[in-house]
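Fold and contact review
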Amino acid sequence: MFRLALVIAVTTASTISSASAQKPPPATINPPAKPNPPATVKTLAPAGAIKPTGTWNLGTRAGDFIYIAGMRGIDPKTDALVEGDEARVRQAFLNMKLIAESEGASLRDAVRLVVYTTDMFRFRPLVNKVQSELWGQGPYPPRTIVEVFRLNQDDIVEIEGTFYKPPTLARQTEALYREYLQWRAQQKSGRASKPQARPQPQSNPQLQP
């Protein structure tokens, strides 16, 4: 009886071992995909705009959004405040408009405005008037207007804006073409110590045709 039990145990173990050997290995588990790196923040300094006078920049593009610093009624040609309350308010809006347009956005692409003024009673009507000229009959973007005690240079108004404008395929193509022209010029002039790789387009799901 003991021998029979031993033979049965050995046979069973051999069968299990044989079945385990024939079983395919478990499927390889793919490692999780690496998250996409955050979009690069682009500093904006378009030609014809005012020049920062401190530790700040005119604006940035972060992905599909354009953030513009507080603009005041400074004439970019003279770097001085324009004369006249209404003219100064209008110039502040135009300074913001120029920066937005450098990234392909228009005033219609504004998603939020913040207006700071030193006298709500006097200057709020001027802000409304200038906006009606620039935006027409609307629709107007959401706006917050705040009365403050003082602004830089004892100014009367400061306006900051946020715009939504995804990069277009045309702008990517234009940038790539500029890189190609630079590459071709280097190859022809022989300034490059060794042949450089030709710029290649990069796919970006955020770009829209």
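Model, not experiment: these values are computed from the prediction.

This next bit is on the nonpolar core. Of all hydrophobic cores here, the largest spans 28 residues; its most connected members are Ile68, Val89, Phe93, Met96 and Phe163. Of all the secondary structure elements, the ones that give two or more residues to this core are strand S3 (65-71), helix H2 (85-101), strand S6 (110-117), helix H3 (120-135) and strand S8 (157-164). Looking at which element gives the most residues to this core, the answer is H2, with six residues. Those residues in contact with methionine 96 that sit more than four places away from it in its chain are Ile68, Met71, Leu107, Leu113, Trp135, Ile159, Glu160, Gly161 and Phe163.

Our focus in this paragraph is the packing of aromatic side chains. A complete count under the given rule lists four aromatic pairs for this structure. Connected via pairs of aromatic rings, a cluster forms that spans Phe65, Tyr67 and Tyr164.

Looking now at the confidence of the model for the protein. Per-residue confidence for the protein averages 82 on the pLDDT scale, and 69% of its residues sit at or above 70. Between residues 25-29, whose pLDDT stays under 50, and residues either more than four places distant or in other chains, the model counts zero contacts. Within the model, the stretch residues 205-209 combines pLDDT values under 50 with twelve contacts to residues more than four positions away or in other chains.

The next thing to look at is H3. A rise of 1.5 Å per residue sets the reference length of H3, with its 16 residues, at 22 Å; its end C-alpha atoms lie 21 Å apart and thus fit the reference within 8%. The complete set of buried residues in H3 reads Phe123, Leu126, Val127, Val130, Gln131 and Trp135. The buried side chains of H3 occupy one side of the element, clustering within an arc of 145° when seen end-on. The secondary structure elements touched by the buried residues of H3 are H2, S6, strand S7 (143-147) and S8. A positive phi of about 70° marks glycine 136, the residue just after H3.

What counts and what doesn't
- Every chain's residues receive numbers from 1 upward, in the order its sequence appears when written.
- Restriction of local features to residues with pLDDT of at least 70 applies here, the model being predicted, together with a cutoff of 80 or more for giving and counting side-chain atom pairs; totals for whole chains, interfaces and linings are based on all residues.
- The side-chain values count all of the structure's non-hydrogen atoms but skip hydrogen atoms and water molecules.
- Only buried residues count toward a nonpolar core. Its members are Ala, Val, Leu, Ile, Met, Phe, Trp, Tyr and Cys residues joined through side-chain atoms within 4.5 Å.
- A 1.4 Å probe rolled over the protein chains alone gives each residue an accessible area, and that area as a share of the maximum for its type sets the label: buried under 20%, exposed over 50%, partly exposed in between.
- In DSSP terms, a helix is any run of H or I states spanning at least four residues, a strand is any run of E spanning at least two, and both are numbered starting from the N terminus.
- A contact between two residues is defined here by any heavy atoms of the two lying within 4.5 Å.
- Classification of ring pairs rests on two measures: the distance between centres of Phe, Tyr or Trp rings, Trp counted by its six-membered ring, which must be within 6.5 Å, and the angle between planes, read as stacked under 30 degrees, edge-to-face over 60 and tilted in between.
- pLDDT expresses how confident the predictor is about each individual residue, on a scale running from 0 to 100.
- The span one expects for a helix is its residue count, reduced by one, times 1.5 Å.
- This arc is built from the directions going out from the helix axis to the C-beta atoms.

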